[in-house]
Number of protein chains: 2
Amino acid sequence: MTRALRADAQRNRERILDVAAAVVAEEGTQASLRDIARRAEVGMGTLYRHFATREELLEALLGGRFDRLADRAEVLRDARPPGEALAAWLREFASGVAVYRGLAASLVATLEDDTTSLHASCARMRAAGADLLRRAQESGDVRPDVDGTDLFALFSGVASIADTAPSLAARRDHLLELVMDGLAARR
Amino acid sequence: MTRALRADAQRNRERILDVAAAVVAEEGTQASLRDIARRAEVGMGTLYRHFATREELLEALLGGRFDRLADRAEVLRDARPPGEALAAWLREFASGVAVYRGLAASLVATLEDDTTSLHASCARMRAAGADLLRRAQESGDVRPDVDGTDLFALFSGVASIADTAPSLAARRDHLLELVMDGLAARR
DNA sequence: GAAGAAGCGGAGCACTGCTCCGGAATAGTA
DNA sequence: TACTATTCCGGAGCAGTGCTCCGCTTCTTC
């Protein structure tokens, strides 16, 4: 545990996170940090002391999201048959990607870089997804030559491109369905 | 036809395109235009007179590529059975996406904006792909509830995310294969 | 060769991510 | 409560970005 922040520092940190969440939701992950600082009524120095880099700020925003997806995987695993559980979870995963445009890139980055704190949450989520996948494969619902990384690559890729243009966003679910069907084992 | 350029202008334009092709291949579509100008030994003004915006420069680089893909579609259509022709063409399409990282975004943009000159080449290529798709569907190789736009969305999405990280690039072909299989009709 | 047009180059503007440090606010102590 | 020591803040500043503007050079044409 790191030591407690001073009261004003704590306030500022929360303000920054609130504003950042709003701004990122509006403008995507490449929103201007200066702008975030301005809207949080805080100096650049303040922002950068709390979050040494853009990545770190995104981590704070996204870490919890990953954790929640990992939790959801466990719930779904116990509540549904393997194939359904995986499909439902992938849908939730994909809509998570949609919330923050550009998240997919950050997500991929954590595949390579295990020094970020986001790596841990991301790894846990990926493990949870891989577990659902394994069960679906054992039950014969999903073809065996797919692994967890394939899953994230496919769904991140499709979900993120679907968010780059309105005309594609409309067929998001259809696109995901196509990929999902492709993973199904031929019987 | 626009009137002929002055000799020096013509030279400069070609130099810029050559350098831009190299730089974009190295650094992706968000390469610095200042850098391109510098390496082409040309002032910023010169670059911007020839290509009023970054998009326009990319258009010049990509337009030809789109046209070539459209041509390839016709060749493949006549040389192979429908299912194979489509699969082969999609592979070429995907590797075209790989050459310029970030191309997918530009490609998607042309879906929305029909004022760019890239739109025409892109539309022609998409029509050619859609034609291959239709034939493959009529022959029963590909499921009927897929259209040309789905095709581009899926392959652009997967190909472009595969280029964001080395660990994904290695499984590029496998990922594309998975999507391709998913489009196959169940017999 | 000279006049005219066409094209060139880079200084400059507003922006970006990020750093640095003098000064202000807070927490602990007396 | 008053004082000090530490923690934290703010924004000026640096090097980079995309893009514009305009005085000057180079080519073309007669």
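What counts and what doesn't
Residues numbered from 1 in each chain as written. Chains lettered and ligands numbered in written order. Predicted model: local features only at pLDDT ≥ 70, side-chain atom pairs only at ≥ 80, totals over all residues. UniProt positions renumbered as here; feature names shortened; annotations may be inferred. Helix = DSSP H or I, 4+ residues; strand = E, 2+ residues; numbered from the N terminus. Near = placed C-beta within 6 Å. Buried ≥ 20, exposed ≤ 12 C-beta atoms within 10 Å, placed from the backbone. Contact = placed C-beta atoms within 7 Å. Nonpolar A, V, L, I, M, F, W, Y, C, P; charged D, E, K, R; others polar.

- With an unreviewed UniProt entry as reference, chain A is termed TetR/AcrR family transcriptional regulator, source organism Actinomadura napierensis.

### With respect to the UniProt feature "domain: HTH tetR-type" (unreviewed entry) in chain A
Logical step 1: UniProt's entry tags residues 10-69 of chain A with the feature "domain: HTH tetR-type" (unreviewed entry), counted in the numbering of this structure.
Logical step 2: Between the end C-alpha atoms of residues 10-69 of chain A there is a gap of 27 Å, over a span that is 80% helix and 0% strand.

### Regarding the protein's contact with DNA strand C
Logical step 1: Around DNA strand C, the surrounding shell holds 23 residues, and the nearest of these are Ser32 and Gly45 of chain A together with Asn12, Gly43 and Gly45 of chain B.
Logical step 2: Those elements that place two or more of their residues in the surface near DNA strand C are α1 (7-27), α2 (33-39) and α3 (44-50) of chain A together with α1 (7-27) and α3 (44-50) of chain B.

### Focus on the environment of Ala169 of chain B
Residue and element names in this part refer to chain B.
Logical step 1: Turning to its location among the elements, Ala169 is positioned in helix α9 (residues 166-169).
Logical step 2: Taking the C-beta count within 10 Å as the criterion, Ala169 has 14 such neighbours and is therefore assigned partly exposed.
Logical step 3: Taking the C-alpha atoms as reference points, Ala169 and Ala159, separated by 10 residues in sequence, lie 8.7 Å from one another.
Logical step 4: Apart from the residues within four sequence positions on either side, Ala169 is in contact with Ala162 and Asp163.

### Brief notes about the protein's contact with DNA strand D
Logical step 1: The immediate surroundings of DNA strand D are formed by 24 residues, with Gly43 and Gly45 of chain A together with Ala7, Ser32 and Gly45 of chain B found nearest.
Logical step 2: For the surface near DNA strand D, the elements supplying multiple residues, two or more each, are α1 and α3 of chain A together with α1, α2 (33-39) and α3 of chain B.
Logical step 3: Tallying contributions element by element places α3 of chain A first for the surface near DNA strand D, with four residues.
Logical step 4: Residues belonging to the surface near DNA strand D are distributed by class as follows: nine nonpolar, seven polar and eight charged.

### Some thoughts on the interface of chain B and chain A
Logical step 1: Across the contact, 29 residues belong to chain B and 29 residues belong to chain A.
Logical step 2: If one sorts the elements of the side of chain B that touches chain A by residue count, helix α8 (residues 148-162) of chain B sits on top with nine residues.
Logical step 3: Considering only residue class, the side of chain B that touches chain A consists of 17 nonpolar, seven polar and five charged.

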